[in-house]
Amino acid sequence: MKLNHCNWWSHALQGAAIWCLASCVWSGGAAGVLAATVDAYFAGQIWTGTEVVLDDAVLVVEGGRIVEVGSRDDVSLPAGTRLHELGEAVIIPGLVVAETGLAGGSRDGPETIAPQLKAIDGFDFYADFHRLLAGGVTTVQISPGSNRLMPGQGAVVKLGGRSIDERTLADAESLRVLLSSASRNPPTIYEPPVGAVSVDRPLEPSKRQLGRSLASAVAALRATFLAAEKGVPAENQDPDERLLLRTVADYRENRRTVRVTASQLAEVRAAVRVAKQFGLRILLVDPLQLGAYTRYPEQWAPMVEGVILNASIRPGQINNRPVPDGRRAPPPLPWENARKLVDAGMRVAIHAADDSDVHEILFLAGLFQQGGLSQREVLRMLTEWPAELLGVDDRVGSLRAGKDADFVVLSDQPFQTRTRILATYVSGQRHFDRDISEKSTLVRAAAVYDGMGQVIQDAAVLVQGGLIRGVGRDVSAPLDAESRQFPGGVIVPGFIDLHTGIGIGGPLTGTISVQTKLGDQLDSGDPAVAVARQGGVTTVLFGSTTSSPTPLVAFKLGDTLRVLRDPAAIRFKLDGNLTLTAPALKRTLTSAKAYADAWRRYDEQFKAYQEQKKAYAVALAKYNEAKKAAEAKAAEKKKEDEAAKKKSSEAGKTADEKPTEDKPDRQQGDGKPEEKSSSSESAGAPDAKKPASDDAKPEADAELKEPTKPKEPTKPKASSSLEPYRALFAGKIPALVEANRPAELREAVRIFRDEFMLKLVIAGGNDAMRVADLLASKEVAVATGPMLVRTVDRRLVNLPQVLANRQIPFAFQSRATTGVSGLPLAVTYSVGKGLAATDALNGLTANAARLLSLEQRLGQIAVGKEADLVVLSGPPFELSSRVLAVMIDGRWVHEEEQTR
Amino acid sequence: MKHRSTTIPLLLWGLLTAQIAAAQPLAIKAGRVIPIAGKPLEDGVILIRDGKIDAVGKGLAIPIDAKVIDAGGKTVMPGFVDVHNPSGMSQANERNQNVPFLSVVDSIDPSRTYFKESRRNGVTTAAVVPGNSTMIGGQAAVVKTAGRYVDDMILKRHAGLKISLSPGSNASRMSHLANLRKELDKARRAVKKEDEEQREKKDAVEKKNAEDKDADQGQADRDAGGVAKPGASFNAASSAEQQLAAMKSLLRGQMSAFIYCQNAMDVVQAIRLTEQYKLKTILVLGQDCYRAAQEIAASKLPVILGETLVFWKTDPRTGDDEKIVVPKIFHENKIPLTFQINDTSNATLGSRYLWYQAATAVKYGVSVEEALESITLRPAKILGVDQFVGSLEPGKDADLVILSGHPLKLNTWVEKTIVGGEVVYDREQDQELRGLLDPQAD
């Protein structure tokens, strides 16, 4: 990857000269307007496609053309240039595929020889080439048919660009000839003439065509070129024949490219001979067997411009190669051919075996490295060489000043397995971006109500990956963020309904036991969901309304229903004869509490056990070590004792020598066991321990008691029917208790709040105003609805307003199906009867989320929250306000039909 | 003036069979007149004499002998013009793909329900054009929707040649276009040859005159000119010559080309052919062609939209559904619109009515005036019959429609349809409609 300095400097100088000229012109003209169209792409490396690879370089693009390529430090950019920092990415030229059938090549006309057909006529410029562009392919050759001897003329087109004229690089690139077996089954032609059949105009027999064997195909080819050589027939002759021969003669006389598909050796030989005879310039396509040709390039190089090799392998598929039969050598692999051809000085290009693989050409080309070709050579086979062979190298195939700005941004070096294509640019326009799923949306409106009482005028919300990433008047956003403007609109958080009957595509009947996972039953196809979210409701609780305890699931009303928590609450009901229902409920809760407590205790014990276990492990290690030390000491002592005994016995003889020799001796003897223990435990510890055990022997003995292994606590018996209560008693989810009459409400507070200390939310609470003091003092929340405003004792009672004034937190429930969309309207009525709009919005959004302990995720427009937005045409809870659009998890799920 | 030659027999026939009607002038007193050419009039009067509009205005003196139709409180406007429809024929296309010599006139059946339905829906002029599954499909004709025999109905016999750029189910686009170009080239050579011969002959005559040769010789030369002699029996030469004759008049610009484009890619080819062969092209568009709206706008060619104006399209990559509103896209590109209708069973109910198509355009941003023009005067201009129909102006044919209310409203009925000064549809006499709406009445 060395830089070819000479080349590069001359380029840079040229570039700089152009640059000076250009900047002179700009400074004189309207600099601002012009400068805005210049883009500079900084990359870790730029492969220009020729011999040059630039490190830490920049590519400058203006008006779809490359203006300059150079090292980052050497290029000066005009003011106003848009800078694109691509980091360590590698830029390569857009890939050029030298043969494809994208013009509908499999559909052939009936004639064996039809040079007048043009592939460009069959090419759909409006087709979606996203997949190919995603594979880095920017330019392709398109072939006419593929099952006739001479099916027509090919063309070269770009897969992107501003206009069709600009995208057409060559409308008659080459004359195609197929000598391979694919062309050897021509149909017979039967063409009755126009008008009645008579004696003068008999029905003519069907016309048989030549070309059922290689010999007749070559004969037909020779005859055609011979006829063209003789000269085009005069004006008054058969016009069909004239057109045919004129086309062939044009290719022969002007030595324009004839593209011959020939795979077997005989076919290749025939192609070369015909070329020699008529002085043609041919492009050899798909040769499998080249035989001796690679060894004697001078035999055919004058006729053959280049070779287009078939990658033969289909990515991700297994193909069977012929069984070796000993007599014949197996056909060489394409890269073996490539290596030989490149060595012989031939220009080589690669095409995919099948049109559905063209987008994987980078992968296929990578395989050619197996033939010992360098990365640079392989890249040339996909860029510079095909561009030259197709005669379009003035526009594409390399990154040089003046060429089209067609380039591919790679995450790493080309032709490595894990290298990804990050983006493809055609004529300076980005056509592909891997981050398409992470696309961000900037929603701008006249006001944003954040759900916590704050209103930001003329603000925007940035949504990215389903989350809110910015709120405010001035929001940072990526350049490519999709912008949605709602002039005069108001953005509020998505509404939350604390009890509905939607989500399973029908009514929920019967008793639902508390362990039921309703989240598994949800059906994204429920038509009621689409209706519900039209009102701006984005999150709902769903469950039964029976009197026995039942679970409620929380989910979002996106196109696929997304469960937030299952269960999100357990619903109880207190009604009827309280002397019967209350004790029954208490019994249930008592057994549930016993269960929950048992598990809580177990959890605590288990936690303690785990800590003990850790401590035990440490203690055990200490013990083992101490034990070993003690043993060592004991052994030493024994030795000492023995030595002492010896000494005492020998004392009379050598009493003077011993003390001096004794010391090293003892150290050696001590060292061995110590080394052993220190290898398994940390060094230094024995030193610390030793004096202790030496000084205080009784203490050491006490420490040497083996630590007792902690006992693992026994698990309580699991019960699926009581399992959901654990979250309830842990305070993670609320108990939603339906209670309406004052006695019921008092009982609910007494049981759930006072006795069992649960997180209590009253559902319904029709008479809550009568026990408001109690509720306020105990800080119990209320999910009001479906009737918010009622006439009680001939007085109008607006329950949300009463609750708001008593500082009792409240939210709303509709208990409806498709009527869920009407919840905001019901709240609007309450607002009309005195409830503050801020309190109402709070109850529909942030408060509801808090009651469900989901306030970390929902209910507000704030950075980090999930992107559930409702866009209204005016302030919330105004009669004239309509829902313009609804977004759930960053996706628009409802938009008002623009009828006018 | 081909029209003259065909309407004179019509008038003669009219005089003989319905002397009184033809002689008696007709006056329509209308609550509101929308003449398309000019501003709408409240309480206007339309005077009709000899099947032609005599005068349109306010407070005109009504001749004493005139038959008066009182359309007070009602709206009177020119009859609608159906700009492209193969339904007037018994069969839309020949099996042979290259039949420029055929004319729909030989296939039009005046008793077809299409014409009856047209009168019921206020359509007074229709271009009967060969269908889309063809290459060169034959010659279109513009006819009135009322008449007992085809010859009575014809307004313009050679209205254009139908060309389709969509190949048959199994053919390739390349050979389809190559064949089409071959035919066009053949015709172009013939035109060139003919022009040269004419010039030579002219030169020769001048030369001879200068040399003062005797006149008989010159006359003989003129007779020997290459034009096909009339009355030749139908043999190979004559059918080939007829084929060529139609193509020649196409290339000489005497006949327009209705070019059907199935896809957006065909539009580009149609524009190229138009430039290359100097054709007078009318683009007949398929549903998908909205994607080439910019190219169409740049070409300034007249367009006829497909009958499906609003549809949903699924993005193959993201799976997102996108609502495509064709008239909106064309309107935004400033392309004047005209509409097709379709009465086949698979069409939606609305797309069977021209007024509905216009109303759809209004829904998506086109002004009411423009929408009304797009179903009357504009198609008449495209078909080259605007000197006869398309607006209420003195001298034009008395083809008009009396509506119970605003022309683009759902609850508006066609009360009467008048073609050539004669009432050809009257809702009060419409037994079928009555039977449909109120079966108990009889």
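Small disclaimer: the values here were computed from a predicted structure and weren't measured.

**Q** Is there a simple way to explain the sheet that holds strand β3 (residues 52-58) of chain B in this structure?
**A** Note on sheets: strands pair through backbone hydrogen bonds, and any given pair is parallel or antiparallel. Residues and elements named next belong to chain B. Taken in spatial order, the seven strands of this open sheet run β3-β2-β1-β4-β14-β15-β16, and their pairing is mixed. In this open sheet, the two strands that pair with only one neighbour each are β3 and β16 (422-426). Recorded for the sheet is a direction-independent mean angle of 35 degrees between the axes of neighbouring strands. Sheet topology places strand β4 (residues 67-78) next to strand β14 (residues 400-403); four bridges connect them, and they run antiparallel. Looking at the pairing, M77 lines up with V401 of β14.

**Q** Explain the nonpolar core here, please?
**A** What tends to happen in soluble globular proteins is that the nonpolar side chains get buried as a cluster. In this structure, L59, I91, A271 and I361 of chain A together with I46 and L283 of chain B are the most contacted members of the largest nonpolar core, which totals 234 residues. Residues contacting I91 of chain A, with those up to four places away along its chain left out, are Y41, A43, I46, W47, L59, F407 and V409 of chain A. L498, F555, Y725 and F810 of chain A belong to the second largest nonpolar core, which has 110 residues in total.

**Q** Explanation requested: the pairing of strand β17 (residues 421-426) of chain A in the structure shown.
**A** Along a regular strand, successive side chains alternate from one face of the sheet to the other. All names here are of chain A. With five of its six residues buried, β17 lies for the most part within the structure. Sheet topology note: the strand β16 (residues 407-410)/β17 ladder contains four bridges and is antiparallel. Bridged to V409 within β17 is A423.

**Q** Any chance you could explain the interface of chain A and chain B here in plain terms?
**A** With 28 residues of chain A at the contact, the number on the chain B side is 27 residues. Counting residues per element, the side of chain A that touches chain B draws most heavily on helix α6 (residues 239-253) of chain A, which supplies three residues. For the side of chain A that touches chain B, the class distribution of residues is 10 nonpolar, nine polar and nine charged.

**Q** How do you make sense of the packing of helix α21 (residues 823-832) of chain A against helix α22 (residues 837-844) of chain A when you look at a structure like this?
**A** Think of two packed helices as two axes; the pair is described by the angle between the axes and how far apart they sit. Residue and element names in this part refer to chain A. Interaxial distance between α21 and α22 falls to 10 Å at its minimum, and their mutual angle equals 150 degrees. Considering their axes alone, α21 and α22 lie roughly antiparallel with respect to each other. The chirality of how α21 crosses α22 is right-handed. The segment α21 lies against α22, with P824, V827, S830 and V831 engaging A837, A840 and L844. Looking at the contact of α21 with α22 residue by residue, the class counts come to six nonpolar, one polar and no charged.

Thresholds, definitions, all that
Residues numbered from 1 in each chain as written. Chains lettered and ligands numbered in written order. Predicted model: local features only at pLDDT ≥ 70, side-chain atom pairs only at ≥ 80, totals over all residues. Pairing = 2+ DSSP bridges. Helix = DSSP H or I, 4+ residues; strand = E, 2+ residues; numbered from the N terminus. Axes fitted to C-alpha atoms, helices over the stretch in contact; angles between N-to-C directions. Core = buried A, V, L, I, M, F, W, Y, C linked by C-beta atoms within 7 Å. Buried ≥ 20, exposed ≤ 12 C-beta atoms within 10 Å, placed from the backbone. Contact = placed C-beta atoms within 7 Å. Nonpolar A, V, L, I, M, F, W, Y, C, P; charged D, E, K, R; others polar. Parallel < 35°, antiparallel > 145°, perpendicular 65-115°, else oblique. Left-handed = near helix turned anticlockwise from the far one by under 90°.

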